[in-house]
Amino acid sequence: MTTTLNSFETAGATNLEEAIIEAISEARTTCELDGSDSAGCAVAWDIVEELQAEKSDQQQAKSKKTSLENYCDRHPESVECLIYDL
């Protein structure tokens, strides 16, 4: 098995879905070649699970906005939303 989780950790959010698809494909191949009870098969599916968990974490982080952030998204010109560089 040539896939490692580290190779996918640097993938951006846009490439995360592609990385998951590739990891699933490689996990299936590994399990066919090594057997479904092999350590390589288990590791391959662990990588898939880690990638899916990362995708889920990223989606949750995007959806957690404060009420001020939501307000500023709708009214960016509002005084409360202005940011000053000192």
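Here, every reference points to the structure presented above.
The present account deals with the structure reproduced in this document. (Residues numbered from 1 in each chain as written. Predicted model: local features only at pLDDT ≥ 70, side-chain atom pairs only at ≥ 80, totals over all residues. Heavy atoms only, no water.)

A short note on a nonpolar patch on the surface
Argument step 1. A cluster of nonpolar residues, Val 79, Leu 82, Tyr 84 and Leu 86, forms a patch on the protein surface that exposes about 570 Å² of accessible area.
Argument step 2. Structurally, Leu 86 is set in the segment after helix H4 (67-74). (Patch = residues over 30% accessible without salt bridge, like charges linked within 9 Å, V, L, I, M, F, W, Y side chains within 5 Å. Areas by Shrake-Rupley, 256 points an atom, 1.4 Å probe, with all protein chains shown as cover. Salt bridge = Lys/Arg side-chain N within 4 Å of Asp/Glu carboxyl O. Helix = DSSP H or I, 4+ residues; strand = E, 2+ residues; numbered from the N terminus.)

Brief notes about the nonpolar core
Argument step 1. Grouped together as the largest cluster of nonpolar side chains are 10 residues: Leu 16, Ala 19, Ile 20, Ala 23, Ile 24, Ala 27, Ala 44, Ile 47, Val 48 and Leu 51.
Argument step 2. Mapped by element, the contributors of at least two residues to this core are helix H2 (13-34) and helix H3 (39-63). (Core = buried A, V, L, I, M, F, W, Y, C linked by side-chain atoms within 4.5 Å. Buried < 20%, exposed > 50% of the residue type's maximum accessible area, 1.4 Å probe, protein only.)

So, the pattern of salt bridges
Argument step 1. Under the criterion given, the structure shown has two salt bridges.
Argument step 2. Two residues, Lys 55 and Glu 17, come together in a salt bridge whose shortest N-O distance is 2.4 Å. You can see Lys 55 sitting in helix H3 and its partner Glu 17 sitting in helix H2, a full 38 residues away along the chain.
Argument step 3. A relative accessible area of 35% means that Glu 17 is categorised as partly exposed.
Argument step 4. A salt bridge links Asp 73 to Lys 65, with the nearest nitrogen and oxygen atoms 2.5 Å apart.

So, to be careful, I would describe these as geometric facts and stop short of saying anything about function.
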